[in-house]
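Survey of secondary and tertiary structure
In case you want the letters, here they are:
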Amino acid sequence: MYRYERVDVPDGLRLHLNENTAGCSPAVMRALADLTRHDAAFYPDYAAAHEACAAWLGVSPDAVLLTNGLDEGILAITAAAFAREASPEAIVIVPAFDMYAAVADALGGHVTEVPLEPGFTFPLAGVVTALTPRTRLVWITDPHNPTGQPVPPDAILQIAAAAPNAFVVVDEAYADFAGTSLLEARAFARLPNLVVGRTFAKAHGLAGLRAGVLVANPPTLEAIRAIVPPYSINAWAARALPAALGDREYYAWYLAEAERSKALLYAVFESRGIEYWRSAANFVLARPANASALVGALARKGIHIRDKSRDPGCAGCIRVTAGVVAHTQAFIAALEEVLCGGE
Ligand SMILES: *Cc1c(COP(=O)(O)O)cnc(C)c1O
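**Focus on the sheet that holds strand β3 (residues 89-94)**
- The seven strands lie next to each other as β2-β8-β7-β6-β5-β3-β4, forming an open sheet whose pairing is mixed. Of all strands in the sheet, those with a lone pairing partner are β2 (64-67) and β4 (110-115), marking the two edges. Each strand axis lies, on average, 20° off the axis of its neighbour in the sheet, ignoring direction.
- The pairing of β3 with strand β5 (residues 135-141) spans four bridges and is parallel. Directly across from Val 92, in β5, lies its bridge partner Trp 139.
- Sheet contacts for helix α4 (residues 69-82): β2, β3, β5, β6 (167-171), β7 (194-199) and β8 (212-216); angle to β5, the most-contacted strand, approximately 155°.

This is how it looks when you write it as structure tokens:
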């Protein structure tokens, strides 16, 4: 039985869900302030949001499907992939974002777990070996969560070519921070089973509004669109998107903060002799001496990080969001206190 975990924290500094710790662009708040009572009363119009998303991603509008967060995209892809199949299978590379297996399992599919190779290397051979005639779905996260490792684009293309009857989904929730995307190669145009997922929850700071997008060949997208309700994005999220995407300065500033924060995290882990992995995303995975005790001690100081020690292959690991530099410095100060026994 697979379930996703929801980690709610009452207050304090949230460095446990890879959110934008600065909040969304102020331009979003100005755009939302313009909404009227009728915007609340009427079903939303997605034209502006849809167009802004397609332009921002550099793809044609008919290759874009807006979803209520990428999570809804994950649900819709799985439902579309498994529909009318007697015993569908999904391949999940573990450790993985919880939703993939939870949704596949809840929809009656069989989940095949393929572990990352040592050093968190992408398991291309393992995935290809795990493919069966019943495989309908392959989940790939690039950059990978929770390890932060980038996935070689060639490996993704090889899998898509080897599994023509499966949706090969590339979850690019953190691609903003990596600065690269499979969309650049337009691979989805020649590989109709390839689906790229993006979210505006992370770099754009819209997690609370819920906005994500799927990109694929238009006929592929049709099968998924059939499952997404017609008004799944609310009017506030729809209005927020063009404003968020239009404020490139804020976006660039935030990416730079995350980059500087990662450098600070690497430095403190190094100086403390804590094993860590350089990350292409906005978080860093590390293996301190006593992960669970450390997570608890930091939480008592109001700093929330994620205990990843139960994730396959991640024994003893924590994951820390790299956002605003001042927040990272607060984490580092608290970490130093805990490590010095000054709790
Ligand atoms: C955060 C995250 C998501 C969810 O995005 P939402 O748009 O908030 O639903 C999807 N995939 C991965 C890998 C994530 O880390």
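**Quick look at the sheet that holds strand β12 (residues 306-307)**
- If you trace the four strands from one edge of the open sheet to the other, you get β9-β10-β13-β12, paired in antiparallel fashion. With partners counted over all chains shown, the strands left at the sheet margins are β9 (275-277) and β12, one partner each.
- Inspection of the sheet shows β9 paired to strand β10 (residues 283-287) by three bridges, in the antiparallel sense. Looking at the pairing, Glu 275 lines up with Arg 287 of β10.
- Lying on the sheet, helix α12 (residues 248-271) is in contact with β9, β10 and β13 (318-321); it crosses β10 at an angle near 10°.

**Examining unusual backbone geometry**
- With omega at 5°, the peptide bond leading from Val 94 into Pro 95 counts as cis.
- By the secondary structure assignment, Pro 95 is in the loop between β3 and α5 (98-106).
- At the junction of Asp 142 and Pro 143, the peptide bond is cis and its omega measures out at -5° in the coordinates.
- Residue placement: Pro 143 occurs in the loop between β5 and α7 (153-162).
- Phi at Asn 18 takes a positive value of approximately 60°, unusual for a residue other than glycine.
- For Asn 18, the position within the fold is in the loop between β1 (13-14) and α1 (26-33).
- For Asn 18, a relative accessible area of 0% translates into the label buried.
- Here the phi dihedral of Arg 84 falls at roughly 60°; this positive angle occurs in a residue that is not glycine.
- Within the fold, Arg 84 resides in the loop between α4 and β3.

Definitions and limits used
- Residues numbered from 1 in each chain as written.
- Predicted model: local features only at pLDDT ≥ 70, side-chain atom pairs only at ≥ 80, totals over all residues.
- Heavy atoms only, no water.
- Pairing = 2+ DSSP bridges.
- Helix = DSSP H or I, 4+ residues; strand = E, 2+ residues; numbered from the N terminus.
- Axes fitted to C-alpha atoms, helices over the stretch in contact; angles between N-to-C directions.
- Contact = heavy atoms within 4.5 Å.
- Buried < 20%, exposed > 50% of the residue type's maximum accessible area, 1.4 Å probe, protein only.

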